Amino acid sequence: MYRVDSPGRVNLIGDHTDYALGYVMPVAINLYTVLHAQKDEKARVYSQIFREVKEFDLEDIKKANDWADYVRGIFWVLRVEGYKVGGMRGILGGDLPIGSGLGSSASIEIAVLAFLNGAYGLDLLPIEMALLAQKAENDFVGVPCGILDQFAVVHGKKEHVIFLDTDTLRHEYIRFPGDVQILVFYTGVKRELSSSAYAERRKVAEETLRLLGKRTSKEVEERELRNLPSLYRRFFGYIVRENRRVLEARDALESGDLQRFGELMTASHWDLARNYDVSSEELDFFVRKAVEFGAYGAKLTGAGFGGSAVAIVPEELALDVAMRVTDEYVRHFNWEPDYHLVSPSDGVRVRKV
Ligand code: GLA
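Residue numbering note: each chain is counted from 1, following its sequence as written. pLDDT decides what is reported in this predicted model: residues at 70 or higher carry local features, side-chain atom pairs at 80 or more are listed and counted, and totals for whole chains, interfaces and linings draw on all residues regardless. To obtain the side-chain values, all non-hydrogen atoms of the structure were included, while hydrogens and water were left out.

**Comments concerning the pairing of strand β9 (residues 297-301)**
Then, number 1: Accessible area is worked out with a 1.4 Å probe on protein chains only. A residue is then buried under 20% of its type maximum, exposed over 50%, and partly exposed in between. Helix numbering and strand numbering both begin at the N terminus, where a helix is a DSSP run of H or I of at least 4 residues and a strand a DSSP run of E of at least 2. Counting buried residues in β9 gives five out of five residues, a clear majority hidden from the surface.
Then, number 2: Alignment of β9 against strand β10 (residues 308-314), held across five bridges, turns out to be antiparallel. Residue pairing in the sheet places Lys299 in a bridge with Val310 of β10.
Then, number 3: With antiparallel pairing between neighbouring strands as the criterion, β9 and β10 make up a hairpin whose turn holds six residues, including Gly302 at a positive phi of roughly 85°. Strands are treated as partners if at least two bridges between them are detected by DSSP.

And the structure:
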């Protein structure tokens with residue numbers, strides 16, 4: 001039998017840039033999807049979170065609009081791409097919350113793919129795993145996501161942040177200081193990533209590139225947006241500024257300037273909120289309070305529209321910030337959020353047990 005530990009991810013800066021082939025800075029986090037599995041003729045998976053078994057026909061894989069689509073999607077994409085695998089019998093569990101914006105879809109996809117890669121000897125490179133999982137999500141599940149989540153889940157590195165150019169797929173690791181904590185805060189507001197809002201932004205970004213005759217957002221200057229329709233100008237203006245911020249954030253982290261790194265995160269949040277229309281009252285509340293109570297910086301993380309936010313906090317203040325923000329949040333929204341102090345973790349790991 002195999003055991004796969006597949007992390008979640010949090011993006012520290014560079015959101016909604018990946019589908020415009022810009023820069024991102026995620027970490028894999030130490031909250032995991034855990035898959036125990038062995039080869040089988042059929043495909044049969046139990047989810048400890050949903051407490052149900054799903055079985056499906058490998059000869060006729062169809063989307064069923066439930067959690068097992070992330071499993072089905074991996075079998076589907078392997079078949080479409082010409083890889084030969086049999087079935088699996090497995091149990092999915094772990095402590096990574098599902099549907100809170102911490103990359104749980106990518107984490108499940110990569111868990112299943114890493115198992116199949118090991119058990120059926122597919123010899124996939126890490127980057128091939130990330131791209132296959134992204135294709136499963138795009139073309140089977142139907143979410144037009146970029147490469148951010150799948151890349152981080154595969155390439156995460158303990159004590160390091162990933163700096164990724166989503167165009168060339170070249171990445172670097174930057175050491176994350178040991179005396180800084182990452183606070184992840186789930187607002188409790190469910191997020192519908194497959195909703196039209198995400199797809200609309202992706203479409204606007206692609207259309208803007210087409211109108212400008214550019215291939216990636218990295219090549220675009222804000223002044224070139226002058227003659228575009230105002231929504232395009234506003235949305236793509238955010239992407240252009242965010243790319244710059246990610247580059248500056250990389251420099252700040254490399255030189256140990258956490259203050260500046262944090263300021264860039266917070267600036268990213270307010271730009272997302274004001275110009276990209278993907279924040280919410282709850283996310284804004286968290287960002288404002290986390291900074292007020294001593295975080296270096298805070299922002300929504302991932303797609304937004306609810307979901308989770310992230311703050312980086314000096315270690316000695318971390319618990320205090322987490323608890324004070326939560327108290328105020330409960331008082332204001334009458335709703336108990338979920339929060340985790342996490343650290344950068346290694347990417348997916350497969351072991352025989
Ligand atoms: C989701 C998508 C990613 C990325 C983020 C926003 O997490 O899956 O590809 O676009 O939103 O940065």
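**As for the site of the ligand**
Then, number 1: If a single non-hydrogen atom of a residue is within 4 Å of a molecule or strand, that residue counts as near it. Neighbouring residues of the ligand: Arg9, Asp15, His16, Asp18, Tyr19, Cys145, Gly146, Leu148, Asp149, Tyr198, Gly302 and Ala303.
Then, number 2: Distance and chemistry together define a polar contact, namely a pair of N or O atoms within 3.5 Å, with one atom able to donate a hydrogen and the other to accept it when in protein, and with adjacent residues in sequence counting only for side-chain atoms on both sides. Contact between the ligand and Arg9: an oxygen atom at 3.0 Å from a side-chain N or O atom of the residue.
Then, number 3: With respect to the ligand, the backbone of Gly146 contributes an N or O atom lying 2.8 Å from an oxygen atom.
Then, number 4: We get accessible surface area from the Shrake-Rupley algorithm with a probe of 1.4 Å; when it comes to residues, only the shown protein chains can shield them. Burial of the ligand by the protein chains amounts to 99% of its free accessible area of 300 Å².
Then, number 5: Partitioning the shell around the ligand into residue classes produces five nonpolar, three polar and four charged. Here the nonpolar group is Ala, Val, Leu, Ile, Met, Phe, Trp, Tyr, Cys and Pro; Asp, Glu, Lys and Arg are the charged ones; every other residue, Gly included, is treated as polar.

**Concerning the packing of aromatic side chains**
Each aromatic ring pair is specified by the distance between its two centres and by the angle formed by the two planes.
Then, number 1: Two rings belonging to Phe, Tyr or Trp (six-membered ring only in the last case) form a pair when the distance between their centres is within 6.5 Å. Interplanar angles under 30 degrees mark stacking, angles over 60 mark edge-to-face geometry, and anything in between is tilted. Scanning the model with the defined rule gives 13 aromatic pairs in all.
Then, number 2: Aromatic pair Phe185 and Phe286: ring centres 4.4 Å apart, planes at 20°, arrangement stacked. Note that Phe185 is positioned in strand β8 (residues 180-186) and Phe286 in helix α8 (residues 281-292), a separation of 101 residues in sequence. Exposure class is identical for Phe185 and Phe286. Each is buried.
Then, number 3: A centroid spacing of 5.2 Å and a plane angle of 80° characterise the contact between Phe285 and Phe333, whose relative ring orientation is edge-to-face. With Phe285 in helix α8 and Phe333 in helix α9 (residues 315-333), this pair connects stretches of sequence that are 48 residues apart. Take Phe285 and Phe333: they sit in the same class, and that class is buried.
Then, number 4: Of the aromatic side chains, those joined through ring pairs into one cluster are Phe185, Phe285, Phe286, Tyr329 and Phe333.
Then, number 5: Charge over a ring is defined by NZ of Lys or CZ of Arg lying within 6 Å of the ring centre and within 35 degrees of the ring normal. The lysine or arginine in question, Arg201, covers the ring of Tyr276, its NZ or CZ lying 5.7 Å from the ring centre.

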